[in-house]
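# Structural overview for review
Chain by chain, the residues:
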Amino acid sequence: MASRKTATLDNLTALGAERLATILIELAESDAEVKRRLRLELAAQSGGDTIAAEIGKRITALRSARSFIDWQKRRDFVKDLDLQRAMIVERIAQTRPDLALDLMWRFMDLAEPVLNRVDDSNGSVGDVFRAACEDLGAIAIKAKPDPVSLADRVFAAVLANDYGVFDGLVTIMLPALGDAGAAHLKDRLTRALADRSTKAGKRNYHALVVRSALQALADGQGDVDGYIALVPPEERRMPHQGTEIGLRLLAAGRATEALAVLERARPKRGTAQTARDDDLFPTGFPSDNAWEETYIEALEATVKKDEAQRLRWAAFEQRLSVGQLRAYLKRLPDFEDVEAEERAMQHALGFRSFSAALGFFTGWPDQAPAAQLVLARASEIDGNLYYLLDPAARLIEGKHPLAATLLRRAMIEDTLKGAKSTRYKHAARHLLECQSLAPSIKDFGAFETHEAFVSRLRAEHGRKTGFWAQVSEVSGGRR
């Protein structure tokens, strides 16, 4: 049971409405966000029209504002912005979807002026507008606006999508557009594409935006041929475009056509491969993983299962693809998969890139070979790859403490040798983790004991006081 001093729903309810109201008024005096939220909640009590008017005023104020919002003020600004969005969805759309739809369009129109005056380096402001774009679809279904008018509004938004906040709008709005709205939107987009292509050439940015919207419309209507027709013939030979077309043909049950398209869009050879790879891919092993996966899927669908299996294994051998190995093993008869998996583990242990091999074992996941790899090839550990080494150490530390210790030592030494002060706190944590694992290591073998490692660190990096201060702080926090 929670303490009576914990801020839970039951405990706060027990304070009584009058006491809570007094507290909120006091908070609102010093917190603009709380005050704004209370105003909106009170307006909601008077009905959709009243709260819509309040939100409308706030949208107008946000649109006319000119001051720059730096990263320090961004968090509060994002909370305010998202509050307006949430109130439209949760308070207005429930009873007055027509007002909510109009307000959400006005809210989306804030994107350009707001993003022009906000430091959105972490993307949090853009995320609010992208969430609002998703909300538009649900609100439009409830509001049931005139489909032609809605199509005109969607068309205008597509053309004004300079900041990417309307990405996916066509797909989102299709259910509300219906057949009549979709047809009108398609007509306007088609004419706009022809106009922009004629005036500025096929690579013009706005022409690409319009073409993408038309392709989204084709996807939403299940029109594969319509999608393909929008891809210029010269682009259909590009791996990315060929893959996109191939995926849609496969989904439509047209595997033979998909295979032909993918063959024409085969990626160019990236690096020299073995003779066996050349046999499998006469023009070179593909460097595009998405193309490769789609191509193998097309082979499978056209009953070329043996060839698909050969390519899955080749993909694993080349780059240790977890996905392709899983698919390969899944299609083997019983018992053969066990032998093949053992062969795969041995191949990974001797793979040319230690980091790729460790990443494979971490993603598979398999603790024993991961530890075996670390112990056998410790000199190849790149301590800078903390995003790989840290999760790998956590994976194997329970049963293989020495291997986990070696990974953490590599990160510590890389940090100290490079004087990477921003990582000192993490390095200190890794050192404490090494200390906690040391008692469970019965034999360090050819590697330093924990005490010897620490002594060497002090001898080589004793002047890095920032690191040792972090060690003292972390150690004290664990006592």
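Here's a quick rundown of the structure. (Residues numbered from 1 in each chain as written. Predicted model: local features only at pLDDT ≥ 70, side-chain atom pairs only at ≥ 80, totals over all residues. Heavy atoms only, no water.)

In this section: helix α8 (residues 124-143). Here α8 is 20 residues long and its end C-alpha atoms lie 28 Å apart, about the 28 Å a rise of 1.5 Å per residue gives. Those residues of α8 lying buried are Ser124, Val125, Gly126, Val128, Phe129, Ala132, Cys133, Asp135, Leu136, Gly137, Ile139 and Ala140. Just past α8, the residue Lys144 takes up positive phi, approximately 50 degrees. (Helix = DSSP H or I, 4+ residues; strand = E, 2+ residues; numbered from the N terminus. Expected span 1.5 Å × (residues − 1). Buried < 20%, exposed > 50% of the residue type's maximum accessible area, 1.4 Å probe, protein only.)

Two residues of an α-helix separated by three or four positions point the same way, owing to the 3.6 residues in each turn. Buried within helix α14 (residues 255-264) are the following residues: Ala255, Ala258, Leu259, Val261 and Leu262. For α14, the arc enclosing every buried residue in end-on projection is 165 degrees, short of the 170-degree limit, so these residues lie on one face. (Arc of directions from axis to C-beta.)

What follows is about the pattern of salt bridges. The final tally for this structure, using the stated rule, is 31 salt bridges. Across the salt bridge formed by Asp80 and Arg58, the nearest N and O atoms sit 2.4 Å from each other. With Asp80 in helix α5 (residues 71-92) and Arg58 in helix α4 (residues 48-64), this residue pair connects regions lying 22 residues apart in the sequence. Note that Arg429 and Glu433 form a salt bridge whose closest N and O atoms lie 3.2 Å from each other. Note that Arg429 and Glu433 are positioned in helix α24 (residues 424-437) at a spacing of four residues, about one turn of the helix. Given a relative accessible area of 24%, Arg429 falls into the partly exposed group. (Salt bridge = Lys/Arg side-chain N within 4 Å of Asp/Glu carboxyl O.)

Further remarks concern the side chain of Asp414. Tracing the sequence through the fold places Asp414 in helix α23 (residues 401-417). Polar side-chain contacts of Asp414 include one of 2.6 Å to the side chain of Lys420. Residues within four places of Asp414 in sequence aside, it is in contact with Gly383, Asn384, Lys420 and Arg423. (Polar contact = N/O pair within 3.5 Å; in protein donor to acceptor, adjacent residues only side chain to side chain. Contact = heavy atoms within 4.5 Å.)

In short, shape yes, function no, at least from these values alone.
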